[in-house]
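So you can see what is in the structure, the chains are spelled out below.
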Amino acid sequence: MQPKTPVRPAAVFNSSTRLGSYNPEMESIEQELEPLRERLMNHEIYESLGSEEVMKRFMEHHIFAVWDFMSLVKTLAQRLTCVETPWIPVGNARVRRFVNEIVLEEESDLDELGRHTSHFELYRRAMQSAGADVTAIDRFLAEIRSGTEVTRALEISKAPPAAARFVNTTFSLTRGSDVEVAAAFSWGRELLISPMFQEFVDKLGEVQPEKWALLRFYLHRHIEKDGSSHGPMANEIVSSLCGEEPKLWGVALGAGVRALEARIELWDEVVAGISD
């Protein structure tokens, strides 16, 4: 029986309906980033996913990007909301709302059966259903839980080298300014799964629906959330932080370029590994 998309109650606050005001600085930067986004959306990796085994190898790399995404989100929460006691109001209430809404849906969304789960845990389950190896990511998490530093945990767990380099870049970005973290989150993560990827997974699901149902569900949730609400919210966070300061917009652009180039490098190295 294939998982069904759960019916969700109407949101009390629909952020996407409150977004969309014109911002010339944002438009200018997105135009500068467009060539990198185009390279990602049309990357050869999507044409390389020609078999189940290749798909599994891809997932064994990609799971680390799914994991470190939450560290970007949580860094935003630490920087832009109050997560300590005694509580005090921090920063811009509208930004706090956006950050908290993103955390809520990424860390405790609904799975195919209507149960609460993080997108990371959903993706790991999708790997298991597909028969991909979760050994490296599980060892990595065990090391993190025991207090091992991220870079060392990647080494001990024998994470794929390309994935390890990507995670290390993400964590270097989390040590940057608020603007850099927000820009890496906004432009480095929004809608980077090509429709070609979705089409390939759909084809696998036609042949073996049970095996690929969870991955298809994950992708639908990812595209739905990032496109309709999380992406616009992330852009508003960047706009709020940069304001009318050209220097800050330049910092944001630099972080966006770095995040996108890191993803291109990850995809390049995965393709090279698949070809070996």
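Let me sum up the structure you'll find in this document. (Residues numbered from 1 in each chain as written. Predicted model: local features only at pLDDT ≥ 70, side-chain atom pairs only at ≥ 80, totals over all residues. Heavy atoms only, no water.)

### Some words on the overall build of the chain
Here is the rule: Numbered from the N terminus, helices here are DSSP runs of H or I no shorter than four residues, and strands are runs of E no shorter than two. Burial here depends on accessible area, computed with a 1.4 Å probe over protein chains only, as a share of the maximum for the residue type. Under 20% is buried, over 50% is exposed, and the range in between is partly exposed. Contacts: residue pairs with any heavy atoms within 4.5 Å of one another. For the area figures, the Shrake-Rupley method with a 1.4 Å probe applies, and any residue is considered shielded solely by the protein chains shown.
In terms of regular secondary structure, the chain is built from 12 helices and 2 strands. In the chain, which comprises 276 residues, the proportion classed as buried is 51%. The long-range share in the chain, meaning contacts at least 24 apart out of those at least 6 apart in sequence, stands at 76%. As presented, the chain carries roughly 13,300 Å² of accessible surface, and 52% of it is formed by carbon and sulfur atoms.

### Structural notes on the pattern of salt bridges
What counts here: Whenever a carboxyl oxygen of Asp or Glu lies within 4 Å of a side-chain nitrogen of Lys or Arg, that contact is scored as a salt bridge.
Per the stated rule, a full pass over the model turns up 16 salt bridges. The shortest N-O distance in the salt bridge between D111 and R115 comes to 2.8 Å. According to the relative accessible area criterion, D111 is buried, its value standing at 2%. When its relative accessible area of 42% is taken as the criterion, R115 is described as partly exposed.

### Looking at the nonpolar core
Inclusion rule: Side-chain atoms within 4.5 Å link the members of a nonpolar core, which is a set of buried Ala, Val, Leu, Ile, Met, Phe, Trp, Tyr and Cys residues.
Core analysis: the biggest nonpolar cluster contains 87 residues, and M55, F58, M59, F64 and L215 have the highest contact counts within it. Considering each element in turn, this core owes the most residues, 16 residues, to helix α3 (residues 52–80). In this structure M59 touches Y123, A126, M127, A130, W212 and L215, once residues within four positions along its chain are discounted.

It is worth stressing that arrangement in space is one thing and function is another; only the former is reported here.
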